[in-house]
Amino acid sequence: MSQRAVLSIDHLSISFGGLKALDDLSFTIFDQEIFGLIGPNGAGKTTVFNCVTQFYRPDAGDVFLTVDQSRLPSRDRHLADQLGQARLNLVGRPVHSIIKLGLARTFQNVEVVKELSLLDNVLVGGHVDFQATMAEQIFRLPRARREEKVYRAKAMAALDFLGIGRLADQLAGGQPYGVLKKLEMARTLMAQPRLIILDEPAAGLNDFETEDLAQTIRAIRDQYGCAVWLVEHDMRLVMNVCERICAISFGKFLALGAPAEIQGDKLVQEAYLGEQE
Amino acid sequence: MSTSSTRTARPLSSVLKPARNAHVQFLVFGALLCLLPVLAQAGGLRNSTLSTLAFVLIYAIVALGLNLLLGYSGLISLGTAGFVGLGAYLAAYFQDDLRLGFWLALLAALVLPTLIGLLVGVVSLRVRSIYLAIASLCISEILLKTFEQLEWFTRGTAGKQSKYPVVFGLQTDRATMFVIIVIALVVVMMVTHNTVHGQLGRALHTMRSSEVAAQAMGVNVLKYKLFAFSLATLYAGLGGALYLFFLRSSYPSTWNLFMSLNIIAMVVVGGLRSIFGTVAGAFVIFAVPELVLKKLPVIGDVAGLPYIFSGVLIVVVIMFFPAGLKGLADLVRRPFQRLRGDRGEAGPPAARPPDSDRPSPPGAGRAAADQTAVKEGRPA
Ligand SMILES: Nc1ncnc2c1ncn2[C@@H]1O[C@H](COP(=O)(O)OP(=O)(O)OP(=O)(O)O)[C@@H](O)[C@H]1O
Ligand SMILES: [Mg+2]
């Protein structure tokens, strides 16, 4: 595992009214790492995701993403180092510009289009890759047709990769929860991200599906060569699959380390004990 | 049975070429409609009925635009009528006052309302879609007042008179205008189909279903809202121009809120997100009161009959058939599909593109071959 940072969170803070949801939080995720973020309910885990992906604008702090040359927006191209990569601050960028930089996410409450087929849902993940203009699409000119074909094959590959290829033609509405979770993951893969963010991927899954999920997460990392950052309450999954874990509570940093270190950490144990009482 | 082979082929074509099949259907539909003026000339169809059907097709064009907004993008506009009226007056002004001919008049009726629509969108789409409803209603009312007051442009309440256009040197009449309307409708159906199926359509779908998901997937929501709104306005302008060329007159009172609501009724009754459904909805909402209800004893004399009819129909559809006529058609079709032996429906292999030579067992470990293609866009 290389130790190059793919994402650095730097003194991130955000408040909602009087509530400090994130309080001076910092940590770094490395390239091709499987990273876990844990904490009791309401600790601020989803809020971190939202601050990183710019759904929320943090009150203070920065979020740096390492971006490949091919994905650099033209006005940031001068920032590239000798490897052609650049660390871009995400704070302040439009929400819809984030995925293009190589950062794709899923949602805690699955957000898919019920009225579209699984395949079409995955294709949404490739939205920013389409080059054909609106006019080319409206008149179905050759480039639009060609692209559609290429990306359909690619979306099919992503569905197959997650083992739900045989459902490609079916509508997302009415599919079991486990399928929808995989569908969301397939959609992120479509963007060929450098970092995938998964918000509670195991929520609502049974033991068998959770076991399958652990393998899937590793396979995603190995096959797609990206880092995976997950928030998860299922400790068995987190301890099993994550290489490093960060624990937070009430928006504050508690500990960061290998699974065994986190399990043995006093502060972390207290935070979770407090929750159970 | 030949049908069974086409049925198993369907999922393949729906994966790779969803367009071709639909476009053929639109063309056949258009060709059949073109028989109507011939039928009318042979005395098999009353001229007044032909006119009513022409208006159905014009309203269908406008309603397809609203379906893009309401059905696909989840945006509501209450101002359709104003933009249709603007298209009508612009067509008349450019053709009859400026004498610039059919094509320039048509172009003006397409472009200018779209530009105004774009402006309204830029102002109102940034916030929540309810503001679009309010803003569009206001604009429509302003346009209506303008139509009444701006005499040099509209002749005010006296009404603007026009004549059948000359197209390619040919003086049109009722029958040829009908054919032109059919051609316009078929083009609009195709454009709508293309729009809602590719990347554009998926972006609109996602935006309606979950704005956060759309943004996370890189959809610039404002841009796509504006796109949907401008295309809908363009259709409205087109409908207005065709209305004027066919009826050869326009009065301000036509372009009121009732027409906007009727267009919404067409979309809802026909079925959100259905192209043929919208056309059927236009027929039910506009032609049924004209051709059937008004001729009934007693009921036919009730004042405001079309208002009552649309209102009742909307309520019935929303309460009992939320999928509209489209849903009803699916319901009727389903037992027949079952009769024909429906093997293809859930057959896993059918979902694959035909050119795939991938091994079938799903699983994480075997995907290396697939991924080479996927990964090559990203330098290591
Ligand atoms: N948009 C918001 N407005 C107001 N308060 C918010 C908002 N988003 C989050 N919060 C608050 O911030 C705190 C952290 O919420 P967050 O959703 O990040 O927790 P979480 O760690 O993801 O919890 P869970 O494990 O239950 O998903 C909570 O107290 C929550 O109520
Ligand atoms: Mg959460």
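Definitions and limits used
Residues numbered from 1 in each chain as written. Chains lettered and ligands numbered in written order. Predicted model: local features only at pLDDT ≥ 70, side-chain atom pairs only at ≥ 80, totals over all residues. Heavy atoms only, no water. Buried < 20%, exposed > 50% of the residue type's maximum accessible area, 1.4 Å probe, protein only. Helix = DSSP H or I, 4+ residues; strand = E, 2+ residues; numbered from the N terminus. Pairing = 2+ DSSP bridges. Domains from an automatic or database assignment. Contact = heavy atoms within 4.5 Å. Buried area = accessible area lost by both parts, 1.4 Å probe. Salt bridge = Lys/Arg side-chain N within 4 Å of Asp/Glu carboxyl O. Polar contact = N/O pair within 3.5 Å; in protein donor to acceptor, adjacent residues only side chain to side chain. Nonpolar A, V, L, I, M, F, W, Y, C, P; charged D, E, K, R; others polar. Near = heavy atom within 4 Å. Areas by Shrake-Rupley, 256 points an atom, 1.4 Å probe, with all protein chains shown as cover.

K.L.:
An account of the pairing of strand β3 (residues 34–38) of chain A is needed here, citing residue identities and associated values.
P.N.:
The side chains of a regular strand alternate, first on one face of the sheet and then on the other. Residues and elements named next belong to chain A. Within β3, five of the five residues are buried, leaving the element largely enclosed by the surrounding structure. Every second residue of β3 is oriented toward a common face, with Ile34, Gly36 and Ile38 on one face and Phe35 and Leu37 on the other, all of them buried. When β3 meets strand β8 (residues 227–231), the two strands line up parallel, connected through four bridges. Residue pairing in the sheet places Gly36 in a bridge with Leu230 of β8. Pairing of β3 with strand β9 (residues 244–249) involves four bridges; the strand directions are parallel. In the strand pairing of β9, Phe35 is matched with Arg244.

K.L.:
Before we move on, could you go through the domain arrangement of chain A and cite the residues and values that matter?
P.N.:
All names here are of chain A. Split into domains, chain A comes out as domain 1 (1–102 + 194–277) and domain 2 (111–192). Between domain 1 and domain 2, the C-alpha centre-to-centre distance is 25 Å. The interface is formed by 20 residues belonging to domain 1 together with 14 residues belonging to domain 2. Here domain 1 meets domain 2 over a buried area of about 1400 Å², counting both sides, of which 71% is carbon and sulfur. At the boundary of domain 1 with domain 2, the tally comes to one salt bridge. Lys182 is the salt-bridge partner of Asp212, the closest N and O atoms lying 2.8 Å from each other. One can count four residue pairs in polar contact (both at pLDDT 80 or more) joining domain 1 with domain 2. Mapped by element, the contributors of at least two residues to the side of domain 1 that touches domain 2 are β7 (195–199) and α6 (207–224). When residues of the side of domain 1 that touches domain 2 are assigned to their parent elements, the largest contribution, eight residues, is made by α6. In terms of residue class, the side of domain 1 that touches domain 2 is built from ten nonpolar, three polar and seven charged.

K.L.:
Could you give an account of the site of ligand 1, naming the residues involved and the relevant values?
P.N.:
Residue and element names in this part refer to chain A. Taken together, 14 residues surround ligand 1, and among them Lys45, Thr46, Thr47, Gln108 and His233 come closest. Within the side chain of Thr47, a nitrogen or oxygen atom sits 2.5 Å from an oxygen atom of ligand 1. In the complex, 64% of the free accessible area of ligand 1, which totals 630 Å², lies under the protein chains. Residue assignment for the shell around ligand 1 shows that the elements contributing at least two residues are β2 (19–30) and α1 (45–52). Ranked by residues supplied to the shell around ligand 1, first place goes to α1 with three residues. In terms of residue class, the shell around ligand 1 is built from five nonpolar, seven polar and two charged.

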